[in-house]
Amino acid sequence: MTAIAEAQARAAWRVSDLERDRAWVFPLDEGASRHLAAIVRAAFDPDRPLFDYGREDFDLGPAGPVVAAAFAEAMEGRGLALIKGLPRAGLAEDEFRLLNWAIGLHAGVARPQGKASQYISPVRDAGTDYRSASGRGYSSNAKLDFHVDGCDVATLGCYNSALAGGETMFTSAISAYEVLAAERPDLAEIARQDFCFSRQNEEAPDEGPFYAQPLVDFEDGRLFAKWNRNRVQSAQRFDEAPRLTETQREAMDVMDAILRRPDLMLSLRLEPGDLQVFNNHAMLHSRTEYRDHADPAEKRLLWRLWLAPPAAPRLPESWRDFFRAVEPGVVRGGIRGHNHDAACQAFDRRQAESLGMRVAA
Ligand SMILES: [Fe+2]
């Protein structure tokens, strides 16, 4: 683990490290927050598709360096960052959505997130059954399994928090794997072998209904993690998917128990105006079940973006099937879904060019 520890030392945290050193929290001052509200109000046009906006439409001003530092922290530091103080009061839900989009335009190429090929998702309870064959957690109020999102880096911008519950949990995959390797080296070896993940009926026409990927792999001295128990279990409904072995099941159980150890698992309650930024290769995340407010206007709502940032490491070859590319500087990741049309492709190309990146085939 020595080489890993050097490349990702700061991401191998325990909760006490994050409590002692709050450098992963990035407060915006009053002036920066006011500036963001002003640029969003000036640019907001309810009839203009998000794809039509470009980076040049949003000068982040004094918030720019703070946003850049937060993304650097997520990619090269602790693996997660929390920006506090986005303007929330006085911004309508769609204006706040545009603010999240504007920040994303500066940070990377937004990626599609599901069957509808949507590039930004409202994380709110739409009554989805998380455990069904096409279930997704973000549109349910359920307690979620620990998992990674399908992209290099994701953001969650909090517009409303829940009446009760809905806490977000993060565990460092690097720390968790170190514990697993120390306590159960046999299962750490299993984690490096392929598991099958269901695509939950969201596969693009050129993708299969499930794919294989190890839970842990290494590239250039970095550890990369993949986890989503719900999708592993869901893949078992496919006859062509190899059956989970007893040892694999044990590895899943032991890993999930490690992820929830109090010294490893950080719990956060996102507040309105918070923007969570996290790296899905080094961080695993989860969420508690929640109870909503009665008033629809107050119900829990986070805007979620998935991004391919320009500065990202090469991925392991075993990541290629899902990410569709592993090279740095290439637009990769996301769930293309069923509607990745010419407008999506044009956006990908334009935004990639603006950030000096290439589009994957
Ligand atoms: Fe997630």
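Here the structure is a predicted model, which is why all the values come from computation and not from measurement. (Residues numbered from 1 in each chain as written. Predicted model: local features only at pLDDT ≥ 70, side-chain atom pairs only at ≥ 80, totals over all residues. Heavy atoms only, no water.)

(A) Highlighting the packing of helix 3 (residues 30–43) against helix 5 (residues 93–107). The interhelical angle for the contact between helix 3 and helix 5, taken along N-to-C directions, is 110°, at an axis separation of 10 Å. One element, helix 3, and the other, helix 5, form an angle in the roughly perpendicular class. Across the interface between the two elements, L36, V40, R41 and A43 of helix 3 pack against E95, L98 and L99 of helix 5. Partitioned by chemical class, the residues of the contact of helix 3 with helix 5 number five nonpolar, no polar and two charged. (Axes fitted to C-alpha atoms, helices over the stretch in contact; angles between N-to-C directions. Helix = DSSP H or I, 4+ residues; strand = E, 2+ residues; numbered from the N terminus. Parallel < 35°, antiparallel > 145°, perpendicular 65-115°, else oblique. Contact = heavy atoms within 4.5 Å. Nonpolar A, V, L, I, M, F, W, Y, C, P; charged D, E, K, R; others polar.)

(B) Here's a closer look at the pairing of strand 6 (residues 153–160). With eight of its eight residues buried, strand 6 lies for the most part within the structure. Two strands pair when backbone bridges link them, and strand 6 and strand 14 (residues 275–279) are joined in this way by five bridges, in the antiparallel orientation. The partner of L156 across the bridge, within strand 14, is Q276. With seven bridges connecting them, strand 6 and strand 17 (residues 301–308) associate as antiparallel partners. Directly across from T155, in strand 17, lies its bridge partner L305. (Buried < 20%, exposed > 50% of the residue type's maximum accessible area, 1.4 Å probe, protein only. Pairing = 2+ DSSP bridges.)

(C) Main features of the nonpolar core. W24, L80, L180, F195, W227, L266 and L284 are the most contacted members of the largest nonpolar core, which totals 61 residues. In terms of residue count, helix 6 (residues 173–183) provides more of this core than any other element does, six residues in total. Every residue in contact with W24, bar those within four places of it in the chain, is listed here: L18, E73, R78, L80, A81, L82, L266 and L268. Ranked by size, the runner-up nonpolar core spans 51 residues in total, among them L28, V40, W101 and I120. (Core = buried A, V, L, I, M, F, W, Y, C linked by side-chain atoms within 4.5 Å.)

(D) Molecular detail of empty space enclosed by the protein. According to the stated counting rule, one finds eight cavities of 30 Å³ or more in the structure shown. The computed volume of the largest cavity comes to approximately 430 Å³. Considering the residues around the largest cavity, the lining is formed by 30 residues, among which L144, H147, D149, H285 and R304 are closest to the centre. Looking at the lining of the largest cavity, the elements with two or more residues in it are strand 5 (144–147), helix 8 (229–235), strand 15 (283–287) and strand 17. Of the residues that constitute the lining of the largest cavity, the class distribution is 14 nonpolar, nine polar and seven charged. (1 Å grid on protein atoms, 1.4 Å probe; cavity = no way out; pocket = protein on both sides within 12 Å on 5 of 7 lines; lining within 4 Å. Points joined across faces, edges and corners; volume = space filled by probe spheres on them.)

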